[in-house]
Protein chains: 2
Amino acid sequence: MKAAHKPRSEMIAETRAKLIAAGRRAFATTGYANASMDDFTAEAGLTRGALYHHFGDKKGLFEAVLAQIDQEMCVRLNEISARAKTRWQGFLDENIAYIEMALEPEIQRIVLRDGPAVLGDPAQWPNANACISAITANLVALKAEGLVRDIDAEAMARLISGASLYAAQWIANSEDPDATSIKAVKAFRALMEGLLVAGRPAN
Amino acid sequence: MKAAHKPRSEMIAETRAKLIAAGRRAFATTGYANASMDDFTAEAGLTRGALYHHFGDKKGLFEAVLAQIDQEMCVRLNEISARAKTRWQGFLDENIAYIEMALEPEIQRIVLRDGPAVLGDPAQWPNANACISAITANLVALKAEGLVRDIDAEAMARLISGASLYAAQWIANSEDPDATSIKAVKAFRALMEGLLVAGRPAN
DNA sequence: TCATTGACATACGCCACGTATGTAAGTGGC
DNA sequence: GCCACTTACATACGTGGCGTATGTCAATGA
C-alpha cells in the first residue's frame, strides 16, 4: 500500500508551505540576491517549476515569505500590547517589543534590509501599514484621554516606528548589544515621554 | 597633431569620475540589481575592464558612488546648520534638511533602499557615522547649555535620524508630498520639543 | 471511464557577472 | 633616446542563475 493520498488541496498547501519555508531560510541566511532558486527548492525536495507555478517568480516567493513574517510580528505585537495594564504602558511595551524584534537576524535581513530593496518602500507594504495603523490608533486614543499632546497621530506614528527601527539596527550591529539595548530603550522612553501633556505623570 | 596628452594621473582620475558618474546614474534610475555593467560602462565610453581595474567589482563601484553622495549630503547639512542663529535652530534645521534630502529620488534609491541591501547596515558605513556624530555633538552641546534634558546623546541621535529617514520615506511615497511634508515636519518639531527641559522656551 | 484540468518537472536560451588574457601607451633608468 | 617594465584598459571566455516553453502524470468530475 502506498502512502495514503491526502486530498489534493492539502498537498498543494503543503508544497506552498515547504517552498515558503525553504525560501525563508535561504533569504535569511544568504540574502535575497545570493539565494539560488535551484538550490533551495531542491532542498525542499522540489524544483523551480513548483516555485514558478505557485509564486510566479522569485520576487513572488519573497513577498509570500515577507507576508508570513509580517503576520507573525503583528500577532506578537498585539499580544504584548493587550497584556499591558494601561494604554500608555501598552503603547510603550509594543514599541519596545518592536525594537527587540528588529534584533532578530531573520527580521533584520529579510524585512529591514532586502525587503525595501526588492519590494520598495516598506510603508507601502500592506502589513507595514497595519502595524503603523495600530500605533496610530493607540496615539489617537491616548490623545482622546488627554494623555498626550495634540499632534497628528499618523505622522507621529511614522516617526516613532522609524526611530524604533533605527534603534534596532544600531543595537544589532553594536559590539555590546545588551548594553546598547538598555541605552536605546531608555532614550526611546525619554523621547516618548516628551509626547505627554506637560505635568502629566506617565503611568 | 593629436589631442594634447594630459598627464596619466589626470586621465585616470577622469576615467574614475566617468565610471562613478555613469554608475551613479544607472544605480539611481534602474537600481543596483538591474544596472548592467556592460551598459553603463559603454555609456561612459568604456568597458567593464576599466571598472574591474579601478573598483574590483560592481559592489566596489557602488561603494564609491555612495561615498560621493554621502560627501555631498554632509557638505549640504553642515552649510545649513552653520547658517542658523541659535544652536537649537541649527539642530532643527539640519534634521529637517535631512528629511528633505531623503525626498530626492537618487538618495531614496541609492542610499536608503539599495545601500543597506548591498553594503549592510548604514550605521556601519564610514560616513553615516559622520552624520550621526554631527547630530550627537549638537545634542551634547545643547545638553551642556541646559536646553535639552539629560539623555544619552548618541542613542537619541540614532532615534532622531531614524525618525527623519522614515518621515522622508513616508513623504516621498505619499500621494500629496507637499501636504505630507508639512505634517511630518510639524510632528518632528513636536517630537524634538519634547526633548527640551520642561518650561524652557524653544528658541 | 474518459476528458480535462492543474501541479509539478525538464529543457532551453539569454543575460550578466567575474576572470584570464591580450595590447598599447606611458614611465623611469642608462 | 632607447629599452625594459609597469599599468590602464579592452577582449574573450566560462559559469551560473533566471525565466519560459514544453512535457508528463495524477487527480477530479461527469
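Residues numbered from 1 in each chain as written. Chains lettered and ligands numbered in written order. Predicted model: local features only at pLDDT ≥ 70, side-chain atom pairs only at ≥ 80, totals over all residues. Heavy atoms only, no water.

**Q** A description of the UniProt feature "domain: HTH tetR-type" (unreviewed entry) in chain A should follow, citing residues and the corresponding values.
**A** In the numbering used here, UniProt assigns the feature "domain: HTH tetR-type" (unreviewed entry) to residues 13–73 of chain A. Spanning residues 13–73 of chain A, this segment combines 80% helix with 0% strand, and its end C-alpha atoms are found 22 Å apart. (UniProt positions renumbered as here; feature names shortened; annotations may be inferred. Helix = DSSP H or I, 4+ residues; strand = E, 2+ residues; numbered from the N terminus.)

**Q** Quick rundown of the relation of the copies chain B and chain A? Include the residues and the values.
**A** Overlaying chain B on chain A yields an RMSD of 0.1 Å, the required transformation being a rotation through 180 degrees with an accompanying axial translation of 0.0 Å. One copy is carried onto the other by what is essentially a two-fold rotation axis. When C-alpha positions in chain B are compared against the rotation axis, the closest is assigned to Gly194 of chain B, at 1.8 Å. An overlap of 100% is found between the interface residues of chain B and their copies at the interface of chain A, pointing to a shared contact surface. (Least-squares fit on C-alpha atoms with pLDDT ≥ 70 in both. Contact = heavy atoms within 4.5 Å.)

**Q** Summarise empty space enclosed by the protein; cite the residues concerned and give the values.
**A** Taken as a whole and judged by the stated rule, the model has four cavities of 30 Å³ or more. If you go around the largest cavity, you meet 47 residues; those closest to its centre are Tyr166 and Gln169 of chain A together with Leu165, Tyr166 and Gln169 of chain B. Grouping the amino acids of the lining of the largest cavity by side-chain chemistry returns 31 nonpolar, nine polar and seven charged. (1 Å grid on protein atoms, 1.4 Å probe; cavity = no way out; pocket = protein on both sides within 12 Å on 5 of 7 lines; lining within 4 Å. Points joined across faces, edges and corners; volume = space filled by probe spheres on them. Nonpolar A, V, L, I, M, F, W, Y, C, P; charged D, E, K, R; others polar.)

**Q** Describe the protein's contact with DNA strand D, naming the residues involved and giving the relevant values.
**A** In the neighbourhood of DNA strand D, 20 residues make up the surrounding shell, with Arg48 and Tyr52 of chain A together with Thr47, His53 and His54 of chain B lying closest. Restricting attention to atoms of DNA strand D within 4 Å of the protein, one finds that 65% of them are sugar or phosphate atoms. At a separation of 3.2 Å, a phosphate oxygen of DNA strand D approaches a polar backbone atom of Met37 of chain A. Contact between DNA strand D and Tyr52 of chain A: a phosphate oxygen at 2.5 Å from a side-chain N or O atom of the residue. Listed by contribution, the elements that provide at least two residues to the surface near DNA strand D are helix H3 (48–55) of chain A together with helix H1 (8–30) and helix H3 (48–55) of chain B. The element contributing the most residues to the surface near DNA strand D is H3 of chain B, with five residues. (Near = heavy atom within 4 Å. Polar contact = N/O pair within 3.5 Å; in protein donor to acceptor, adjacent residues only side chain to side chain.)

**Q** Can you break down the interface of chain B and chain A residue by residue, with the values?
**A** The partner chain A presents 36 residues to the 36 residues of chain B that form the contact. Counting each side, the surface lost to burial between chain B and chain A is near 3100 Å², with a carbon and sulfur contribution of 68%. Counting the surface chain B buries against chain A, the share from its top three residues, Leu159, Tyr166 and Trp170 of chain B, is 22%. Applying the counting rule to chain B against chain A returns five residue pairs in polar contact (both at pLDDT 80 or more). By residue number, the principal contributor to the side of chain B that touches chain A is helix H8 (residues 153–173) of chain B, which donates 14 residues. (Buried area = accessible area lost by both parts, 1.4 Å probe.)

**Q** A description of the nonpolar core should follow, citing residues and the corresponding values.
**A** Ranked by size, the top nonpolar core spans 134 residues in total, and within it Met156 and Met192 of chain A together with Met156 and Met192 of chain B carry the most contacts. For Met156 of chain A, the contacting residues outside a window of four places in its chain are Leu139, Ile151 and Leu195 of chain A together with Ala187, Ala190 and Leu191 of chain B. (Core = buried A, V, L, I, M, F, W, Y, C linked by side-chain atoms within 4.5 Å. Buried < 20%, exposed > 50% of the residue type's maximum accessible area, 1.4 Å probe, protein only.)

**Q** So what about the pattern of salt bridges? Which residues, and what values?
**A** Where side chains of opposite charge bring their charged atoms close, a pairing between them can arise. Within this structure, the stated rule accounts for 18 salt bridges over all chains. Here Arg158 of chain A ties to Glu154 of chain A by a salt bridge, and the two come within 3.1 Å at their closest N and O atoms. Remark: Glu154 of chain A and Arg158 of chain A occur in helix H8 (residues 153–173); sequence separation between them is four residues, near one turn of the helix. In this structure, Glu106 of chain B engages Arg24 of chain B in a salt bridge whose closest nitrogen and oxygen atoms are separated by 2.7 Å. One end of the pair, Glu106 of chain B, is in helix H6 (residues 105–119); the other, Arg24 of chain B, is in helix H1, with 82 residues separating them in the sequence. Residue classification places Arg24 of chain B among the buried positions, given a relative accessible area of 13%. Put simply, Arg24, Glu72 and Glu106 of chain A are held in one network by salt bridges that share partners. (Salt bridge = Lys/Arg side-chain N within 4 Å of Asp/Glu carboxyl O.)

**Q** Explain the protein's contact with DNA strand C to me, using residue names and the numbers behind them.
**A** Residues in close proximity to DNA strand C total 20 residues, the closest being Thr47, His53 and His54 of chain A together with Arg48 and Tyr52 of chain B. Protein-adjacent atoms of DNA strand C, using a 4 Å cutoff, are sugar or phosphate at a proportion of 69%. Between a base nitrogen of DNA strand C and a side-chain N or O atom of Arg48 of chain B, the distance comes to 2.5 Å. Elements supplying a minimum of two residues to the surface near DNA strand C: helix H1 (8–30) and H3 of chain A together with H3 of chain B. For the surface near DNA strand C, the leading source of residues is H3 of chain A, giving five residues.

**Q** Report on the domain arrangement of chain A, specifying residues and quantitative values.
**A** All names here are of chain A. What the domain assignment reports for chain A is domain 1 (1–56) and domain 2 (66–203). Relative placement of domain 1 and domain 2: their C-alpha centres are 32 Å apart. In this complex, domain 1 contributes seven residues to the contact, which on the side of domain 2 involves eight residues. Both sides together, the interface formed by domain 1 and domain 2 hides about 680 Å², and carbon and sulfur atoms give 53% of it. Together, Arg24, Ala28 and Tyr32 form the three largest contributors to the area buried by domain 1 at its contact with domain 2, with a combined 71%. Counting across the domain 1 and domain 2 interface gives two salt bridges. Between Glu72 and Arg24 there is a salt bridge, with its nearest N and O atoms 2.9 Å apart. Between domain 1 and domain 2 we count four residue pairs in polar contact (both at pLDDT 80 or more) in total. Classifying every residue of the side of domain 1 that touches domain 2 gives four nonpolar, two polar and one charged. (Domains from an automatic or database assignment.)

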